[in-house]
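Single-letter residue listing:
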Amino acid sequence: MIEFKNVSKWYGEYLALDNVNARVEKGEVLVVCGPSGSGKSTLIRTINRLEPIQKGQIIVDGVDVYQCGSIDEMRSHIGFVFQQFNLFPHMTVLENLMMAPVLLKRMSKHDAREHGMALLERVGMGHKADVYPTQLSGGQQQRVAIARALALKPRIMLFDEPTSALDPEMVNEVLMVMKSLAADGMTMVCVTHEMNFAREVADTVWFMDAGRIVETAPPKQFFETPQTDRAKKFLSDLRH
Amino acid sequence: MWEILSDNWLLLLVGQWPHGPVGGLVATVGLAIVSLLLAFPLGIMLALGRISAHKIFFWPATAVVYVVRGLPLIMFIFWVYFFLPLLIGNSVSGVVTMVAALALYEGAYLAEIIRSGIEALPRGQMEAGRSLGLSHMRTMRKIILPQALYNTIPSMLSQFISTVKETSLGYVISVHELTFAAAQINNMLLTKPFQVFALLALTYFTLNLILTGVVKLVEKHMGSGQAVTAA
Amino acid sequence: MKYTFDFGALLGQGYPALIWGGLMTTLEMTLFAWLLAFVLGSVLAVLRMLNIRALNYVIAVYVAFHRNVPMLVHILLWYFGVGAIMPLFIEDVVNQIGGEFVYSTIAIGLVTAAYVSEDLRSAIRSIPRGQMEASRSLGLSYLQSMRKVILPQAFKISIPPLTNQTLLLFKNTSLAMAIGLIELTGAGREIESATFKTFEIYTVVTVLYLAISLLLMFVGAYLSKRVAYVTKTR
């Protein structure tokens, strides 16, 4: 579903991604973790071209992301959830969800509204459809952001540290939504520090350090028997 | 246009001096400097009045600031032109009128700049001063104002540029500044109004561009990291 | 102070009509100049977002010229300068409306446009990058994102500075009296020289200016509050 082939990226002189080669299969739930500066956020942002790469290829669903005709078309099939939610403050919650389907002519206004309401119910925010984002808590906003990303019926969902900006008591409500998405078979790539989530839901864990994927393993194996020293250090730092 | 400049540069620079009052560019800059220097203490007083807890200081200061901000400068100048002789008992020249009007007008604008500079300081500064036993006035003078004034230097320098532009209104009351000089040249030549006034515009443009450059240099030197986001 | 107050003297000889006419002229100037300023300012701001080097340079020069030269000089340049080199057929049209009115309105509109474009530009730049990223991630094009996400927010943010510009524009119309246009200040001066009741007529003119200024300030504050939302998430 997603394939990285010899992907390298520089910020000026700084090598952010170092010759990454990896695959994500359809329906797979992948967690990417690592110390800060490891390149995990950069990696996920290259998938929908929020960040450009200088070398290599990224193939999503058979299409080279950097050679495709319309990046906008490509992006509408990939859902992206930001750490800072990035909801549109000048629109209501429901309008946030309806805007893209209607504007991109995927749905009529009526259908977009129905579909939007259904999604909001699914993330537990149906009762806040006509409220403005700034009136919501962080956890509520992030759930709306997930619903907004789902509105275009994407084939892949990308999560860039979705709970890092939330107060601890709100982290769970967001993780619950993500778990239910995984249970429904969505292909998901999650950059996160939430190791319990990884343990319960992920199929694979990629551990990154200094722009490389250092270790790849199923969660149980990664957490209990990390192979590399850097992974071991990372996990022991996490526990303290 | 170049000929007009080479023929009349002296008039544009210093007006009819020495055969008349100093005018032209020199007068423009001089008017601006003098007015702003007078406006400065006025601005501080009005600013203090605006933040005062005592109604007797707050209301007059607020009234002055709102009236000045609501009136066009030209109307304000006419008021001063009318009022000043009555106040002093003697007739008053256009230059004095101009300086008085600009000093008051700019004083009100400076007051708002200084006021926001004071209010931008952390409350802890005043609290620290008072807990050391300094009176309100003393704390203002020794701790608050020096910091506020320093922080607002770039804004105040921008007001100087505004003042330079405002001196052009002297033209209406026959003050011998740059615009008046250009109008005199136009009256002499009569056939080249576009060139004359284009030259006038370019002169102000150059002058203010240089002044803006100076302001930017000062800002850099002060290391102003004050990022003001749009409200 | 020897001065006898006599507001009654203002009521005779068609003076009220003169004041009213002046007020109307002022308001008309304000309206037309504002339209010019706002439309042109918006166009300039959006053009600058395209990031074409040459275009940015031209706009920057336009803005610098109109901001650094005094308003009065712009009016003089247009009325005396441009007015003199206008082709005849345009001059005829202009003179029908009134050269003083047309040229001073154009001058004031162009200068205010420069400030409006800068205010809009800084409003657009103050919107967090995440908004554009979120919009593009949904598959919206750059233009669609601008139209639906960035610009609506930018306009709301720029209401306070734009209110200020409107106020300044309104006050700047008084400068047209320097070329003989009988707007509010000009009307005041006419009546002053006719009646010598300087204090009375100045008071009337001042009250009118202050009333409208305050009205503009209130409308601006009201609009700002109505569209306001806290942009920082909790």
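Preceding this section is the structure that the text describes.
The model shown is predicted, which means the values in this text are computed figures rather than measured ones.

What counts and how
Within each chain, residues carry numbers counting from 1 in the order of the written sequence. Following the order in which they are written, the chains are lettered starting with A and the ligands numbered starting with 1. Side-chain atom pairs in this predicted model are given and counted only at pLDDT of 80 or more, local residue features only at pLDDT of at least 70, and totals for whole chains, interfaces and linings cover all residues. Based on all heavy atoms of the structure, the side-chain values leave hydrogens and waters out of the count. Strand pairing is assigned whenever DSSP detects at least two bridges linking the two strands. Each helix is a run of DSSP H or I of at least 4 residues and each strand a run of E of at least 2, with the numbering of both proceeding from the N terminus. Any two residues having at least one pair of non-hydrogen atoms within 4.5 Å are treated as being in contact. Fitted lines through C-alpha atoms serve as axes, helices being fitted only where they are in contact, and the angles separating the N-to-C directions of these axes extend from 0 to 180 degrees. Grouping into patches uses exposed residues only, defined as over 30% relative accessible area, and leaves out salt-bridged ones; the cut-off is 9 Å for like charges and 5 Å for nonpolar side chains (Val, Leu, Ile, Met, Phe, Trp, Tyr). Accessible areas in this description were obtained via Shrake-Rupley with a 1.4 Å probe; residue shielding takes into account the shown protein chains only. Note on definitions: salt bridges are taken to be side-chain nitrogens of Lys or Arg within 4 Å of carboxyl oxygens of Asp or Glu. Only protein chains enter the accessibility calculation, which uses a 1.4 Å probe; a residue whose area is less than 20% of its type maximum is buried, one above 50% is exposed, and one in between is partly exposed. Accessible-area loss on putting two parts together, using a 1.4 Å probe and summing over both, is the definition of buried area adopted here. For this analysis, a polar contact is any N or O atom pair within 3.5 Å, provided that within protein one partner can donate a hydrogen and the other can accept it, and provided that sequence-adjacent residues contribute only side-chain to side-chain pairs. All residues other than Ala, Val, Leu, Ile, Met, Phe, Trp, Tyr, Cys, Pro, Asp, Glu, Lys and Arg, Gly among them, are scored as polar; the first ten of these are nonpolar and the last four charged. What makes a nonpolar core is a set of buried Ala, Val, Leu, Ile, Met, Phe, Trp, Tyr and Cys residues whose side-chain atoms join them at distances within 4.5 Å.

This part covers the sheet that holds strand E1 (residues 2–11) of chain A. Residue and element names in this part refer to chain A. If you walk across this open sheet you meet the four strands as E2-E1-E4-E5, and the pairing is antiparallel. Unpaired on one side and paired on the other, strand E2 (14–24) and strand E5 (63–64) mark the two borders of the sheet. Where strand E4 (residues 55–60) meets E5, two bridges bridge the pair, whose relative direction is antiparallel. Residue pairing for E5: Ile 59 is matched across the bridge by Asp 64. Most of the contacts of helix H1 (residues 40–47) go to E1, to which it runs at about 120°, and overall it touches E1, E2 and E4.

Another aspect to go through is a nonpolar patch on the surface. All names here are of chain B. Taken together, Trp 9, Leu 10, Leu 13, Trp 17, Val 22 and Val 26 make up a surface patch of nonpolar side chains, about 570 Å² in accessible area. Ranked by residue count, the leading element in the nonpolar patch is helix H1 (residues 2–14), at three residues. Its location among the elements puts Val 22 in the loop between H1 and helix H2 (24–51). Look at Val 22 and you get partly exposed, because its relative accessible area is 41%.

Turning next to the interface of chain A and chain C. With 29 residues of chain A in contact, the opposing surface of chain C contributes 24 residues. Interface area, chain A with chain C, both sides summed: about 2200 Å², of which 58% is carbon and sulfur. Our enumeration of links across chain A and chain C arrives at two salt bridges. Among the ionic pairs, Arg 136 of chain C bridges to Asp 72 of chain A, the shortest N-O distance being 2.8 Å. The interface formed by chain A and chain C holds six residue pairs in polar contact (both at pLDDT 80 or more) in total. Elements that contribute at least two residues to the side of chain A that touches chain C include exactly helix H2 (71–75), strand E6 (78–81), helix H3 (93–103) and helix H5 (138–150) of chain A. Split by residue class, the side of chain A that touches chain C holds 17 nonpolar, eight polar and four charged.

We now examine the interface of chain C and chain B. For interface size, the figure often reported is the accessible area lost on association. Every contact between the two is made by 40 residues of chain C and, on the other side, 34 residues of chain B. Taken together, the two surfaces of chain C and chain B that pack against each other cover about 3400 Å², and 79% of this comes from carbon and sulfur. Considering only the side of chain C, the residues that lose the most area to chain B are Asn 68, Lys 171 and Tyr 202 of chain C, jointly responsible for 17% of the buried surface there. Seen at the junction of chain C and chain B, the total is zero salt bridges. Between the two partners, chain C and chain B, sit nine residue pairs in polar contact (both at pLDDT 80 or more). At the level of secondary structure, the elements contributing two or more residues to the side of chain C that touches chain B comprise helix H2 (53–68), helix H3 (71–85), helix H8 (159–172), helix H9 (184–195) and helix H10 (198–226) of chain C.

This brings us to the nonpolar core. All names here are of chain B. In this structure, Phe 76 and Met 98 are the most contacted members of the largest nonpolar core, which totals 80 residues. Examining the composition of this core, we find that 10 residues originate from one element, helix H4 (residues 73–88), more than from any other. With sequence-adjacent residues up to four places away left out, Met 98 is seen in contact with Leu 31, Ile 77, Glu 166, Thr 167, Leu 169, Gly 170, Ile 173 and Val 175.

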